[in-house]
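The lines below spell out each chain.
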Amino acid sequence: MKRYSTVGKVLSYLLMISFTVLTVVPLVWMILSAFKPHAEIVRHPLMPPLSWYFDNFVLAWTQGHLGIYFLNSIFYSVVATVVTVLLALSGGYALSKFFYRSGKFIYMLYTLGLLITVHSVIVPLFIMETRLGISNTRLGVVLPYIAFGLPFQVFLSTTYIKGIPDSIQESAIIDGANYFQIFWRIIIPVATPIISTMFIYTFLGNWNEFILVLTLTSELSIRSLPVGINSFAGGMSRDYGLQFAALVIGTVPMIIFYLIFRDKIAQGFAAGATKE
Amino acid sequence: MATVELKDICKIYDGGVKAVDNVNIDIHDREFVVLVGPSGCGKSTTLRMIAGLEDITSGELLIDGKLVNDVPPKDRDIAMVFQNYALYPHMTVYDNMAFGLKIRKFPKEEIDQRVREAAKILDIEELLERKPKALSGGQRQRVAVGRAIVRKPKVFLFDEPLSNLDAKLRVQMRTEISALHNRLKATMIYVTHDQVEALTMADKIVVMKLGIIQQIGGPIELYNNPNNKFVAGFIGSPPMNFMEMTIEADGSDLYANEGSFRLKLTDVQKKLLTPYVGKAVTFGIRPEDVTFSHSPKDGETINGQVSVVEPLGSETHVYVATSKNQVVGKIDPNVTIKVEEKISLIPDMAKAKFFDLETELAIR
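In this text the structure is predicted, and so the values were computed from the model without any measurement. (Residues numbered from 1 in each chain as written. Chains lettered and ligands numbered in written order. Predicted model: local features only at pLDDT ≥ 70, side-chain atom pairs only at ≥ 80, totals over all residues.)

1. Regarding the packing of helix α5 (residues 103-112) of chain A against helix α7 (residues 138-162) of chain A
All names here are of chain A. Rules: Axis definition: a line fitted to C-alpha atoms, over the contacting stretch in the case of helices. Angles run 0 to 180 degrees between N-to-C directions. Every helix listed is a DSSP run of H or I at least four residues long, and every strand listed is a run of E at least two residues long, numbered separately from the N terminus. Note on angle classes: values under 35 degrees are labelled roughly parallel, values over 145 roughly antiparallel, values of 65 to 115 roughly perpendicular, and the remainder oblique. Residues are scored as being in contact if the C-beta atoms we place from backbone atoms lie within 7 Å. Just so you know the grouping, Ala, Val, Leu, Ile, Met, Phe, Trp, Tyr, Cys and Pro go in nonpolar, Asp, Glu, Lys and Arg go in charged, and all remaining residues, Gly too, go in polar.
Running from N to C, α5 and α7 point in directions that differ by 130°, and their axes come no closer than 7 Å. As judged from the angle between their axes, α5 and α7 are oblique. Only Leu150, Pro151, Val154, Phe155 and Thr158 of α7 make contact with α5, whose side of the interface consists of Tyr107, Tyr110 and Thr111. Looking at side-chain class alone, the contact of α5 with α7 contains six nonpolar, two polar and no charged residues.

Shown next as structure tokens:
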């Protein structure tokens, strides 16, 4: 029995180490390559840089217009995330604490949204936005972000808020609070762990989103980082150094973001699972 | 303070489930009323209707003579203490107690004064800056009560506030709530499934079963004169012993015959039970109304074999199996009784109760 558990432990460690290597090595390789000129990458793809070549970053930032893409990414991510989380929280509150007869049906509709992929609706979405006159606008990007973000966020918030005892709301009602005050002063503070998770999850998703911006926008001034970085690939010229530098510019903020908030992410999911 | 009147109150849920059926209760100013009954008897639903947390299907609810059926909870001037305390987990004890007053836009100084006054009464002054998770069950309960006190409401509602506490703490808090009632001289409505809480705290007890009021009365009245078999069995611990017995005449006397023994009825009982001669009735005797004997006597003793002995220190509960029933008696703890011993219990027939077998109503 002991032998079996030791073997099991070794196997599981091997599996985890392999997975970590598979994830971390490309990341490290990308970061190191960003500091190598194109010729050196082609000649010695797996070697660390002979000297630290920073020009890739300067060129990528200026030639690739990453500054404006960066700002656009921040705008789309922040606005869409704030609106998505607020709507999902208020929806989750209503669906879990108001006991409407139609509540279950509406909740089902939301969760059905989880099954719809961006690719399956991208063409009708493009046509619709063109007819509405919002294609190629920031609003035209933010609205689908919110729509695609809502199903999972409503699912998360409804599940969590359902776990908050009804008596807390009833107690606040007797204390004289109206529903808005209960939502703002009781539900939101109590749901902080899940709100952190919702924010982080939605923000990461929006930051990395590619296909919607690529399809729904054509003007450089309103495109985001993933599309900007993609423009380094293909075309007539190919500079791997620039591509890697652009990728690092796009990825590093998210890695820092994750490192800062990783505890919150774990707490949020754990709290959702074990709420009394 | 205030009066509360419930007139023909009914609660029917979607699907036709009748949770509360035609409830009529008059609660006087400063009265401590306990709604008691088993799970699903409608006591909590009744309380929640008084609080305004449940709609009233039909009937009238008056607080201080004013119809409040459609008045929202915040305007009923009531405060409620919940079973699970329902404290706001992200707020300190102080903020929990102050929340209702802040929402009602009381001046800061008054809020502070009221919170500190309530904290002093409940002896939780040193806990004011703590969060609920840093409190014990008893402390949380005190905070929940404090949150009600600061509002100085017309009516206090308690929904099984002690059921999450351990036995010792429950007894302590019971006394504290009773003392609080005496101090505040407030109208209080208290829901519990624990008949001991009801008997020890209430001025008036409302016993409910399946949404219907079985009896309303003072603790001693319910104990001594139960309306029916349910109330007789619900009030008192251990519960009243019930046996199906046939009323028979023997000469000028009447007896209740169990099969293996018979008991002679008193003159009062004779008058009441004459119409039942030849019929079966339910005989009831409380465990504390029997005494122990070694010698069986026809017409005077319940005879059987000891099945269980429970020494409790101050008294001993002895379970005696007759030919058809089991009878429990509270006896002197100094008497030595062994399991399987054949003994007799002498019931105090003046305190015995008889219930109609079909209607289960007391024959009186």
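Once the structure has been displayed, the description carries forward.
2. Looking at the interface of chain A and chain B
Each partner contributes to the interface: chain A provides 14 residues, whereas chain B provides 17 residues. Elements represented by at least two residues in the side of chain A that touches chain B include exactly α8 (166-175) and α9 (179-190) of chain A. Take the side of chain A that touches chain B: its biggest share by element is seven residues, from α8(A). Of the residues assigned to the side of chain A that touches chain B, the class counts are eight nonpolar, four polar and two charged.

3. With respect to the nonpolar core
Basically, it comes down to this: Nonpolar core, as used here: buried Ala, Val, Leu, Ile, Met, Phe, Trp, Tyr and Cys residues forming one set through C-beta atoms within 7 Å. For every residue, the other C-beta atoms within 10 Å of its own C-beta are counted; 20 or more classify it as buried, 12 or fewer as exposed, and values in between as partly exposed. C-beta atoms are placed from the backbone.
In this structure, B:Val34, B:Met80, B:Leu157, B:Ile189 and B:Tyr190 are the most contacted members of the largest nonpolar core, which totals 137 residues. Residue contributions to this core peak at ten residues, all from α7(A). With near-sequence residues (within four places) excluded, B:Ile189 lies in contact with B:Val4, B:Ile27, B:Val33, B:Leu35, B:Leu47, B:Ile50, B:Val155 and B:Leu157. Ranked by size, the runner-up nonpolar core spans 17 residues in total, among them A:Ile41, A:Tyr69, A:Phe232 and A:Phe244.

4. A word on α8(A)
The buried count for α8(A) comes to eight of ten residues, which makes it a mostly enclosed element. Within α8(A) the residues assigned to the buried category are A:Ile168, A:Gln169, A:Glu170, A:Ser171, A:Ala172, A:Ile173, A:Ile174 and A:Asp175. Looking at the buried residues of α8(A), the elements they touch are α4 (66-97) and α9 of chain A together with α1 (43-51), β6 (78-81) and α2 (93-103) of chain B.

5. Points about the sheet that holds strand β17 (residues 316-321) of chain B
Residue and element names in this part refer to chain B. Worth spelling out the cut-off: A pair of strands counts as paired when DSSP detects no fewer than two bridges linking them.
Across the sheet, which stays open at both edges, the five strands sit in the order β15-β19-β16-β17-β18 with antiparallel pairing between neighbours. Each of the sheet's edge strands pairs with one partner strand only, and the pair in question is β15 (290-293) and β18 (326-331). When the angles between neighbouring strand axes are averaged without regard to direction, this sheet yields 45°. Where strand β16 (residues 302-311) meets β17, six bridges bridge the pair, whose relative direction is antiparallel. Within β17, the position partnered with Val308 by the bridge is Tyr319.

6. Description of unusual backbone geometry
Cis geometry is adopted by the peptide bond preceding B:Pro238, which originates at B:Ser237 and carries an omega value of -10°. Counting through the fold element by element, B:Pro238 comes out in the loop between α8 (229-234) and β11 (241-250). Phi angles above zero are rare outside glycine, and A:Phe99 is one such case at about 50°. Positive phi, close to 55°, is recorded for B:Ala86, a residue that is not glycine. Turning to its location among the elements, B:Ala86 is positioned in the loop between β6 and α2.

7. Quick look at the sheet that holds strand β20 (residues 353-356) of chain B
Residue and element names in this part refer to chain B. Strand order in the open sheet formed by five strands is β13-β12-β11-β14-β20, and the pairing between neighbours is antiparallel. Each of the sheet's edge strands pairs with one partner strand only, and the pair in question is β13 (262-264) and β20. Looking at each pair of strands side by side, their axes are set apart by 40° on average, direction ignored. Bridge analysis of strand β14 (residues 280-285) against β20 gives four bridges, and the strand direction is antiparallel. Pairing of Val281 across the sheet is with Asp356, part of β20.

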